[in-house]
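Structural description and commentary
Each chain is listed here by its residues.
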Amino acid sequence: MTQDLFDDEVQSAALPLGPGAVVLRRFARPDEAALQDAVRQVIEQAPLRHMVTPGGFRMSVAMTNCGDLGWVTDLTGYRYDPHDPESGNPWPRLPDVFRRLASEAASQGGFDGFVPDACLINRYEPGTRLSLHQDRNERDFSQPIVSVSLGISAVFLFGGPKRSDKARRVPLDHGDVVVWGGPARLHYHGVLPLKEGTHLFWDGCRINLTFRKAG
Ligand code: SIN
Ligand code: FE2
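Just so you know, the residues in each chain are numbered from 1, in the order the chain's sequence is written. In the order they appear in the text, chains get letters beginning with A and ligands get numbers beginning with 1. Selection of residues for local features in this predicted model requires a pLDDT of at least 70, selection of side-chain atom pairs for listing and counting requires 80 or more, and totals for whole chains, interfaces and linings are taken over all residues. To obtain the side-chain values, all non-hydrogen atoms of the structure were included, while hydrogens and water were left out.

Either a parallel or an antiparallel arrangement is found when strands of a sheet pair, and the pairing is made through backbone hydrogen bonds. We call two strands paired when DSSP finds no fewer than two bridges between them. The helix count covers DSSP runs of H or I at least four residues long, the strand count covers runs of E at least two residues long, and both are numbered beginning at the N terminus. One open sheet accounts for seven strands, arranged 1-2-11-8-13-6-3; its pairing is antiparallel. The sheet terminates laterally at strand 1 (14-18) and strand 3 (62-67), the two strands that pair on one side only. Pairs of neighbouring strands in the sheet enclose a mean axial angle of 20 degrees, with direction left out of account. Alignment of strand 8 (residues 145-151) against strand 11 (residues 177-180), held across four bridges, turns out to be antiparallel. Here an axis means a line fitted to C-alpha atoms, over the contact stretch when the element is a helix, while the angle between two N-to-C directions is reported on a 0 to 180 degree scale.

So, on to the sheet that holds strand 10 (residues 168-172). The sheet built from four strands is open, its strands ordered 7-12-9-10 with antiparallel pairing. Edge strands, defined here as strands with exactly one partner in the open sheet, are strand 7 (130-133) and strand 10. Within this sheet the neighbouring strands show an average axis-to-axis angle of 20 degrees, counted without direction. One ladder, built from two bridges, connects strand 7 with strand 12 (residues 189-191); its direction is antiparallel. Bridging from a neighbouring strand, H133 pairs with H189 of strand 12.

Attention now goes to the pairing of strand 13 (residues 206-212). For a regular strand, side-chain orientation follows a simple rule: the groups alternate between the two sheet faces. The cut-offs for exposure are 20% and 50% of the maximum accessible area for each residue type, with area from a 1.4 Å probe on protein chains only; residues under the lower value are buried, those over the upper are exposed, and the others partly exposed. When you tally the buried positions in strand 13, you get seven out of seven residues, the bulk of the element. Judged by which residues are buried, strand 13 turns out to be covered on both faces: R206, N208, T210 and R212 on one side and I207, L209 and F211 on the other are all buried. Pairing between strand 8 and strand 13: six bridges, direction antiparallel. Directly across from S147, in strand 13, lies its bridge partner T210.

Just distances and angles here, no functional claims.
As structure tokens, then:
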């Protein structure tokens, strides 16, 4: 009884990060089993891989995509591609549970009518990080970013419109969803090097799903 009450409270907790940005604590937890199945199915068709930055560095975070468009980086630059460059096939379709979760989270964050066409799947092993960057390869900046954290915890950095703006450190746990758009759409963000952890969702790793309307 007490436990249920506690869970409900945590589930509905929304932590504002500033105008246009919010963390929805544990929002994805009710869907964790379906999300795990869906991630497994995508990875079977389009395996996780370490892409190379335009500067020639191998990314420590392993990535793949599903949806009409997938975010890729190689020596020629960053782009959205309808095909997986490794196989030449279209990316796996966006699982229904992904589409529904992303659109419900966006609504909770104040962005109704969000229909993602791209989902980047990131796998972080302990020690890996994602340096501060803006998401700016998408066509329409009126559409938000929805980012779902699964598995072991991480510290998310959420800054401002300039790289030099002070970034807030936001601990993200399994099931937390961050939504940013509107005045926060082009804010710099990143992930600090992951600490070792254990979580049953993905064997000691963190999985992040980033939903975007890219095309
Ligand atoms: C990203 O910015 O693409 C991912 C952020 C995260 O892993 O939380
Ligand atoms: Fe990003």
